[in-house]
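One-letter residues, chain by chain:
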Amino acid sequence: MRVIATAIAYFLSLTVVAYVMLIVMVIVAGPHAGLLQSWLEQVVIVLGWVVIFVIPIPVARKVWRRFGRSGFTS
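What you see is a predicted model, and the numbers here were worked out from it, not measured in a lab.

Rules and cut-offs
- Residues numbered from 1 in each chain as written.
- Predicted model: local features only at pLDDT ≥ 70, side-chain atom pairs only at ≥ 80, totals over all residues.
- Heavy atoms only, no water.
- pLDDT = per-residue confidence, 0-100.
- Helix = DSSP H or I, 4+ residues; strand = E, 2+ residues; numbered from the N terminus.
- Core = buried A, V, L, I, M, F, W, Y, C linked by side-chain atoms within 4.5 Å.
- Buried < 20%, exposed > 50% of the residue type's maximum accessible area, 1.4 Å probe, protein only.
- Lys, Arg positive; Asp, Glu negative; His and termini not counted.
- Salt bridge = Lys/Arg side-chain N within 4 Å of Asp/Glu carboxyl O.
- Contact = heavy atoms within 4.5 Å.

**Things to note about the confidence of the model for the chain**
Then comes step 1: The share of residues in the chain with pLDDT of 70 or more is 92%, and the mean pLDDT across the chain is 86.
Then comes step 2: Mean pLDDT across the elements of the chain bottoms out in helix H2 (residues 38-54) (88) and peaks in helix H1 (residues 2-29) (91).

**What about the nonpolar core?**
The tendency in soluble globular proteins is for nonpolar side chains to be buried side by side.
Then comes step 1: Listed in full, the 8 residues of the largest apolar core are Tyr10, Leu14, Val17, Ala18, Met21, Met25, Ile52 and Ala60.
Then comes step 2: If you tally residues by element for this core, the top one is H1, at 6 residues.

**Points about the side chain of glutamate 41**
Then comes step 1: Tracing the backbone through its elements, the reader meets glutamate 41 in helix H2.
Then comes step 2: Nearest to the buried, unbridged glutamate 41 among oppositely charged side chains is arginine 61, at 34 Å.
Then comes step 3: Ignoring any residue separated from it by four or fewer positions in sequence, one finds glutamate 41 in contact with Ala29, Gly30, Gly34 and Leu36.

Right under this line is the structure:
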């Protein structure tokens, strides 16, 4: 149960973060945005993808610890 809850939390938070960050990345560094210089657009896109995969980790870790403390493991 602990692994399933952690996986669900990770993928749900990944979905939310990805949705928000992709919209932000398209607005800030999209092909027709023109807000940044071309080399900064690449930096924003790389950092955006890093954020998409790193932010859900603390959420999953919190769920993992919560199920570990409660003694509800199967």
